[in-house]
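Per-entry structural report
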Amino acid sequence: MPSSTRLARSALWAAARSSCPLPVLHAARLFSIKAQAASTSKHHILDPSRLTVTKTKQPKQLSKPEDLVFGREFTDHMLTIEWNQDDGWLTPQITPYQNLSLDPATCVFHYAFECFEGMKAYKDKKGKIRLFRPDKNMARLNKSAARIALPTFEPTSLIELVSQLVKLDSRFIPDQKGYSLYLRPTMIGTQKTLGVGPPGSALLYVIASPVGPYYPTGFKAVSLEATDYAVRAWPGGVGDKKLGANYAPCIVPQLQAASRGFQQNLWLFGEEEYITEVGTMNMFVAMKNKETGQRELLTAPLDGTILEGVTRDSVLALARERLAPEGWKITERKFTMKEIYEASVEGRLLEAFGSGTAAIVSPVRTISWKGKLVDCGLREDEESGEIAHKIKEWMEAIQYGDEAHEWSYRVD
């Protein structure tokens, strides 16, 4: 029995056992029918050899690097690949950057069939183009797509296609360190229907935006508001997937925090007030263990409530390789805002920072919690702690090819 059919039948059985309402069972049956039909049709895989390229006849003028604003300007071209349930992946195309044309009934508008990735391309000292751990981004995009009934793809094939786009638009990547080309692979459901069910068609596309340092005025520590009046994610939800639907609900709490003078939300969860993420980044805390006095770099576990960050994984790997031999304990576990407050009061809190693709690391100066302002260990004249600064340097050395490393993927 084809795996897609087995999956569909498992979904039906699970729905029946959990006494799902009829609409859910109907959707599961619909998926079963589609899966069985798909298993008997000849599906095309995502094939880079079929790529067609149409170059723009109106190249854009390059902006000065210092004038770049994150995500505001885009390159000359984009990559698009359509998919449908009968044929699978169709011909990949690189075309001039242009608007999409979608019917008002397209399912992405009504039921949020959308997921995306954030990754970067860099130029090293020799002008060679590099991607940073693209295999991790592809794996996460496939997980996100599968969670919302969108098609998956061959990871190495999409990396090859993205590389072709980056090479074509390489003039948009500034040569200076701190600058890069931000890449946004996106997948949307495109079936024209108001019925709730797995989309029968989809579009995978990639656009690119030249960007400068996340902090144009310099590496700055931020202040956070511990947020317990809104929840970003919950167990069994989709907070561990990179879905567009996860982000829009976070904007109002962010605006509320900003109105009180804070740059980001520190998302807490449950009565215990577990720390999950900071803004759209993973959260790290460096402190001395209360019982042993050992220095500890701490972050929340991958329990389904936080995003499986590529930068998070990289920070943990580098810390285990380079900090652990210096006596640091590297820990993934649940921890609470109360623990952080007590560590600060007792002088054990050394520093705190967020990690993500855009900024690599973002140091934290203070956290507002229950009317208290929690000091995160920075002196008044400091914008970053020692660990955040080291990690930023280590990561950039790999990203820009200054250090030979398996994470740096050279685009030839």
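This one's a predicted model, so the numbers in the text were calculated from it and none came from an experiment. (Residues numbered from 1 in each chain as written. Predicted model: local features only at pLDDT ≥ 70, side-chain atom pairs only at ≥ 80, totals over all residues. Heavy atoms only, no water.)

Some thoughts on helix H7 (residues 310-322)
- Look at H7: 18 Å from first C-alpha to last across 13 residues, which is about the 18 Å you get at 1.5 Å a residue.
- Residues of H7 that are buried: Val 310, Thr 311, Arg 312, Ser 314, Val 315, Leu 316, Leu 318, Ala 319 and Arg 322. (Helix = DSSP H or I, 4+ residues; strand = E, 2+ residues; numbered from the N terminus. Expected span 1.5 Å × (residues − 1). Buried < 20%, exposed > 50% of the residue type's maximum accessible area, 1.4 Å probe, protein only.)

Here we look at the environment of Trp 328
- On the secondary structure map, Trp 328 appears in the loop between H7 and strand S15 (329-332).
- In this structure the C-alpha to C-alpha distance between Trp 328 and Lys 288, which are 40 residues apart in sequence, comes to 9.4 Å.
- In this structure, Trp 328 is in contact with Ala 286, Gln 294, Arg 295, Glu 296, Leu 297, Leu 323, Leu 350 and Ile 387, ignoring residues within four places of it in sequence. (Contact = heavy atoms within 4.5 Å.)

Here's the deal with a nonpolar patch on the surface
- Together, Tyr 111, Leu 194 and Val 196 give the surface a local cluster of nonpolar side chains, amounting to about 290 Å² of exposed area.
- Position of Leu 194 among the secondary structure elements: in the loop between strand S8 (180-189) and strand S9 (201-211).
- For Leu 194, a relative accessible area of 55% puts it in the exposed group. (Patch = residues over 30% accessible without salt bridge, like charges linked within 9 Å, V, L, I, M, F, W, Y side chains within 5 Å. Areas by Shrake-Rupley, 256 points an atom, 1.4 Å probe, with all protein chains shown as cover. Salt bridge = Lys/Arg side-chain N within 4 Å of Asp/Glu carboxyl O.)

Quick look at the environment of Gly 270
- Relative to the assigned elements, Gly 270 resides in the loop between strand S11 (264-269) and strand S12 (274-278).
- Residue class for Gly 270 comes out partly exposed when judged on its relative accessible area of 42%.
- Along the sequence, Gly 270 and Thr 336 sit 66 residues apart, while their C-alpha atoms lie 9.9 Å from each other.

Here we look at the pattern of salt bridges
- The final tally for this structure, using the stated rule, is 28 salt bridges.
- Salt-bridge contacts for Arg 348 lead to Glu 346; the nearest nitrogen and oxygen are separated by 2.8 Å.
- On the basis of relative accessible area, Arg 348 is assigned to the buried category, the value being 12%.
- According to the relative accessible area criterion, Glu 346 is partly exposed, its value standing at 42%.

A closer look at the packing of H7 against helix H9 (residues 386-399)
- Where H7 meets H9, the axes come as close as 11 Å, and the angle between the chain directions of the two elements is 105°. With respect to H9, the element H7 is oriented roughly perpendicular. Between H7 and H9, the contacting residues are Thr 311, Ser 314, Val 315, Leu 318 and Arg 322 on the first element and Ile 391, Trp 394, Met 395 and Ile 398 on the second.
- Tallied by class, the residues present in the contact of H7 with H9 amount to six nonpolar, two polar and one charged. (Axes fitted to C-alpha atoms, helices over the stretch in contact; angles between N-to-C directions. Parallel < 35°, antiparallel > 145°, perpendicular 65-115°, else oblique. Nonpolar A, V, L, I, M, F, W, Y, C, P; charged D, E, K, R; others polar.)

Here's the deal with the side chain of Ser 344
- Following the sequence through the fold, Ser 344 ends up in helix H8 (residues 337-345).
- A distance of 2.7 Å separates the side chain of Ser 344 from the backbone oxygen of Asp 375, its partner in a polar contact.
- In contact with Ser 344, other than residues within four places in its own chain, are Leu 349, Val 374 and Asp 375. (Polar contact = N/O pair within 3.5 Å; in protein donor to acceptor, adjacent residues only side chain to side chain.)

With respect to the UniProt feature "modified residue: N6-(pyridoxal phosphate)lysine" (unreviewed entry) in the protein
- Under the present numbering, the feature "modified residue: N6-(pyridoxal phosphate)lysine" (unreviewed entry) in UniProt falls on Lys 242.
- Turning to its location among the elements, Lys 242 is positioned in the loop between strand S10 (222-227) and helix H6 (248-259).
- When neighbours within four sequence positions are excluded, Lys 242 is seen to be in contact with Cys 115, Phe 116, Glu 117, Gly 118, Arg 140, Ser 144, Tyr 247 and Leu 307. (UniProt positions renumbered as here; feature names shortened; annotations may be inferred.)

So, the nonpolar core
- With 37 residues, the main nonpolar core has Leu 79, Phe 153, Leu 158 and Leu 183 as its most contacted residues.
- Secondary structure elements with two or more residues in this core: strand S2 (77-84), strand S6 (119-123), strand S7 (129-132), helix H4 (134-147), helix H5 (155-168), S8 and S9.
- Ranked by residues supplied to this core, first place goes to H5 with six residues.
- Those residues in contact with Leu 158 that lie beyond four places of it in its chain are Leu 46, Leu 79, Ile 81, Met 138, Leu 141, Phe 153 and Leu 204. (Core = buried A, V, L, I, M, F, W, Y, C linked by side-chain atoms within 4.5 Å.)

What about the packing of aromatic side chains?
- Scanning the entire structure with this criterion turns up eight aromatic pairs.
- Considering the side-chain rings of Phe 70 and Tyr 182, the 5.0 Å spacing of their centres and the 65° angle between planes classify their relative orientation as edge-to-face. In this pair, Phe 70 sits in the loop between strand S1 (52-53) and S2 while Tyr 182 sits in strand S8, placing the two residues 112 residues apart along the sequence.
- Of the residues examined, Phe 70 reaches a relative accessible area of 37% and is grouped as partly exposed.
- Relative accessible area serves as the criterion here: at 11%, Tyr 182 is assigned to the buried category.
- Here Phe 284 and Phe 353 contribute two aromatic rings whose centre-to-centre distance is 5.3 Å and whose plane-to-plane angle is 10°, an arrangement assigned as stacked. With Phe 284 in strand S13 (residues 281-288) and Phe 353 in strand S16 (residues 349-356), the pair connects residues that are 69 residues apart, well separated along the chain. The two residues Phe 284 and Phe 353 agree in class, both being buried.
- Among the aromatic residues, ring-to-ring pairing joins Phe 70, Tyr 182 and Tyr 214 into one connected group.
- Lying over the aromatic face of Tyr 274, Lys 334 brings its terminal NZ or CZ to 5.1 Å of the ring centre. (Phe/Tyr/Trp six-rings, centres within 6.5 Å; stacked < 30°, edge-to-face > 60°. Lys NZ or Arg CZ within 6 Å of the ring centre and 35° of its normal.)

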